[in-house]
Amino acid sequence: MEIRKERIDMNDKSNTQAMETEKIPRLLARLAIPAVVAQIINLLYNIVDRIYIGHIPGVGAAALTGVGLFTPILMLINACAMLAGSGGAPRAAISMGKKDNKTAEKILGNCFVILLLMAVALTVLFFAFAPQLLTLFGASDQTLPYGVDYARIYILGSIFVLIVMGMNPFINAQGFGKTGMFTVVIGAVINIVLDPIFIFLMDMGVKGAALATVIGQAISCLTALVFSLRHRADLGLLPRYLRPEAEMVKRTLKLGFPVALQWTIASISWLVVLTLINKYGVTVSAGNGVSNKIRDFCQLFLSALTTGAGTMCAQCLGAGLYDRAEQVMKTCMKLALAMAAVIIVVAEVFAPQFAMIFTPDPEVQHWAVVNLRIEIVCQLFYAGMFTYNTLATGSGHTV
């Protein structure tokens, strides 16, 4: 046991030192690549669901539209997860940079309790009012049953989503990008395997898609918890730090609020768009849902890059390496702009092929391509926005 503990300690030390000394492009790649893979796989939860749902014989378009109406609720759940994860992980990274792991562990424990409390509140609220909310979002008699069937099963598993999204930033903040990737990949693989079984073989339709997603998220949640509870990294989830401290909770929520607010505003924007588009019918609405999933897939590359840069920035600032932190963000901005340009070109050229993956309906494909070719240009603006937001959050500031 002593040999095992020593080996773990040595690995932890090398991860911490690498944040402060390794070449910036190489370290960004080491952190960003696993994050990209993890986010790609995580997005597959929804994308695979939509692909299978869009191919349900006879009702694909209506089912796709109904499930798409759940997106604002999903984004609000993600916003709550980011409130704790994006608020706590940078502060924990700064503390680790100062070699103050005790404070980092307190932050982790407090954030875990916050996630549990939010999970209970959101589950009760959204489960009870799912039909009313989906109707408010523009559901018709044709699409509402599919939206409610998907929403209520997904909502019952929202605790798993919150814990995975809230805890993974802490795993990545320690430099364990591959572990953070694995926690997501294992659940997504299970989801992808179960989707066709539940949806088609067991004839569960959208309920099967939601159930497969919840089971996958539960496995991901269990994996993240096992890693944190085993205390194998620079900080672990320790029972003695699960008692919330008012000041620490306040500082965490204050730092996470801007990121959560972005998700909330995005949810409201999505709601406004849904309300307007639904007036043009199921086909146009389904096409909009497809284009947004493709856009989300493209956007995750920028998100993963800037998340890795934020982790580096936080630890460098905690260690007092201000020049290195500045170089990290400059490098991140250059890479983000280059990446955005590539994304725009690829999406513009291959938009029809991407749309065909989601639906066999030519009219839905048409509207998906029209929307995507307009929306994708915004990736250049996202590159700058994500980079500067990461700088602010990584440095422990809310603005």
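Since we're looking at a predicted model, the values are computed, not measured.

Describing the overall build of the protein chain
Phase 1: Helix and strand content of the protein chain: 14 helices and zero strands.
Phase 2: Moving toward the C terminus, one meets the helices and strands of the protein chain in the order α-α-α-α-α-α-α-α-α-α-α-α-α-α.
Phase 3: The buried share of the protein chain, reckoned over its 399 residues, is 55%.
Phase 4: Within the protein chain, contacts between residues separated by at least 24 positions form 83% of all contacts whose residues are at least 6 apart in sequence.
Phase 5: Here the protein chain has roughly 17300 Å² of accessible surface; of this, 69% comes from carbon and sulfur atoms.

Remarks on unusual backbone geometry
Phase 1: Of note, Lys99 is a non-glycine position whose phi angle comes to about 65°, a positive value.
Phase 2: Of note, Lys99 is situated in the loop between helix H4 (71–97) and helix H5 (101–136).
Phase 3: Residue Asp203 is not a glycine yet carries a positive backbone phi of 55°.
Phase 4: One can find Asp203 in the loop between helix H8 (177–201) and helix H9 (206–229).
Phase 5: Here Asp203 falls in the exposed class, since its relative accessible area comes to 67%.

Some thoughts on the nonpolar core
Phase 1: Core analysis: the largest hydrophobic core is formed by 98 residues, its most contacted members being Ile53, Phe70, Tyr150, Leu162 and Phe170.
Phase 2: The element best represented in this core is H4, accounting for 15 residues.

Describing empty space enclosed by the protein
Phase 1: Tallying each qualifying case throughout the model produces three cavities of 30 Å³ or more.
Phase 2: Surrounding the largest cavity, Arg50, Leu64, Thr65, Gly68, Leu69, Trp270, Leu274, Ser285, Ala286, Asn288 and Gly289 form its lining.
Phase 3: Among the elements that take part in the lining of the largest cavity, helix H11 (residues 282–318) stands out by supplying four residues, more than any other.

Regarding a nonpolar patch on the surface
Phase 1: On the surface, Val189, Val193, Ile197, Leu201 and Met202 cluster together into a nonpolar patch covering about 470 Å² of accessible area.
Phase 2: Tracing the chain through its elements places Leu201 in helix H8.

Digging into the side chain of Glu375
Phase 1: Within the element layout of this structure, Glu375 appears in helix H13 (residues 362–375).
Phase 2: With residues near it in sequence (within four places) discarded, Glu375 still touches Asn288, Ser291, Asn292 and Arg295.

Some details on the side chain of Ser158
Phase 1: Take Ser158: it is sitting in helix H7 (residues 158–173).
Phase 2: A polar contact of 3.0 Å, which involves the side chain of Ser158, links it to the side chain of Thr123.

What to know about H5
Phase 1: A bend of about 70° at Ala130 is the largest found in H5, and the proline Pro131 appears one to four places after it.
Phase 2: Two residues or fewer after H5 comes Gly138, characterised by a positive phi angle close to 110°.

Quick notes on the packing of aromatic side chains
What describes a pair of aromatic rings is the distance from one ring centre to the other and the angle between the planes of the rings.
Phase 1: Counting across every chain of the model gives six aromatic pairs.
Phase 2: Members of the aromatic cluster, connected to one another through ring pairs, are Phe70, Tyr150 and Tyr154.
Phase 3: When the ring centre of Phe127 is taken as origin, the NZ or CZ atom of Arg152, which lies over that ring, is 4.9 Å away.

Focus on the pattern of salt bridges
Phase 1: Counting across every chain of the model gives two salt bridges.
Phase 2: Here Glu245 and Lys106 are joined by a salt bridge, their closest N and O atoms 3.9 Å apart. Note that Glu245 is positioned in the loop between H9 and helix H10 (246–277) and Lys106 in helix H5, a separation of 139 residues in sequence.
Phase 3: With a relative accessible area of 21%, Lys106 lands in the partly exposed category.
Phase 4: The partner of Lys330 in a salt bridge is Glu326, with the nearest N and O atoms 3.2 Å apart. Placement of both Lys330 and Glu326 in helix H12 (residues 322–358) is noted, with a separation of four residues, approximately one turn of the helix.
Phase 5: By relative accessible area, which is 40% here, Glu326 ends up partly exposed.

Some words on the environment of Leu117
Phase 1: For Leu117, the location among the structural elements is in helix H5.
Phase 2: Using a relative accessible area of 58% as the deciding quantity, one classes Leu117 as exposed.
Phase 3: Along the backbone, Leu117 and Ile159 are 42 residues apart, and their C-alpha atoms lie at a distance of 9.4 Å.

Quick look at H12
Phase 1: Under the 1.5 Å per step criterion, the end-to-end length of H12 is only 46 Å for 37 residues, more than 12% shorter than the ideal 54 Å.
Phase 2: At Phe350, H12 shows its maximal kink, close to 70°; a proline, Pro352, follows between one and four residues later.

Let's talk about the packing of H11 against H13
Phase 1: Running from N to C, H11 and H13 cross one another at 45°; their axes reach a closest spacing of 7 Å. Comparing the axis directions of H11 and H13 gives the class oblique. Crossing handedness for the pair H11 and H13: right-handed. Residue-level contacts link Thr283, Val284, Ala286, Gly287, Asn288, Val290, Ser291, Asn292, Ile294 and Arg295 of H11 to Glu363, Val364, Trp367, Ala368, Asn371, Leu372 and Glu375 of H13.
Phase 2: In the contact of H11 with H13, the residues fall into eight nonpolar, six polar and three charged.

Rules and cut-offs
- Residues numbered from 1 in each chain as written.
- Predicted model: local features only at pLDDT ≥ 70, side-chain atom pairs only at ≥ 80, totals over all residues.
- Heavy atoms only, no water.
- Helix = DSSP H or I, 4+ residues; strand = E, 2+ residues; numbered from the N terminus.
- Buried < 20%, exposed > 50% of the residue type's maximum accessible area, 1.4 Å probe, protein only.
- Contact = heavy atoms within 4.5 Å.
- Areas by Shrake-Rupley, 256 points an atom, 1.4 Å probe, with all protein chains shown as cover.
- Core = buried A, V, L, I, M, F, W, Y, C linked by side-chain atoms within 4.5 Å.
- 1 Å grid on protein atoms, 1.4 Å probe; cavity = no way out; pocket = protein on both sides within 12 Å on 5 of 7 lines; lining within 4 Å.
- Points joined across faces, edges and corners; volume = space filled by probe spheres on them.
- Patch = residues over 30% accessible without salt bridge, like charges linked within 9 Å, V, L, I, M, F, W, Y side chains within 5 Å.
- Salt bridge = Lys/Arg side-chain N within 4 Å of Asp/Glu carboxyl O.
- Polar contact = N/O pair within 3.5 Å; in protein donor to acceptor, adjacent residues only side chain to side chain.
- Bend = angle between axes of the 7 residues up to and from the residue.
- Phe/Tyr/Trp six-rings, centres within 6.5 Å; stacked < 30°, edge-to-face > 60°.
- Lys NZ or Arg CZ within 6 Å of the ring centre and 35° of its normal.
- Expected span 1.5 Å × (residues − 1).
- Axes fitted to C-alpha atoms, helices over the stretch in contact; angles between N-to-C directions.
- Parallel < 35°, antiparallel > 145°, perpendicular 65-115°, else oblique.
- Left-handed = near helix turned anticlockwise from the far one by under 90°.
- Nonpolar A, V, L, I, M, F, W, Y, C, P; charged D, E, K, R; others polar.

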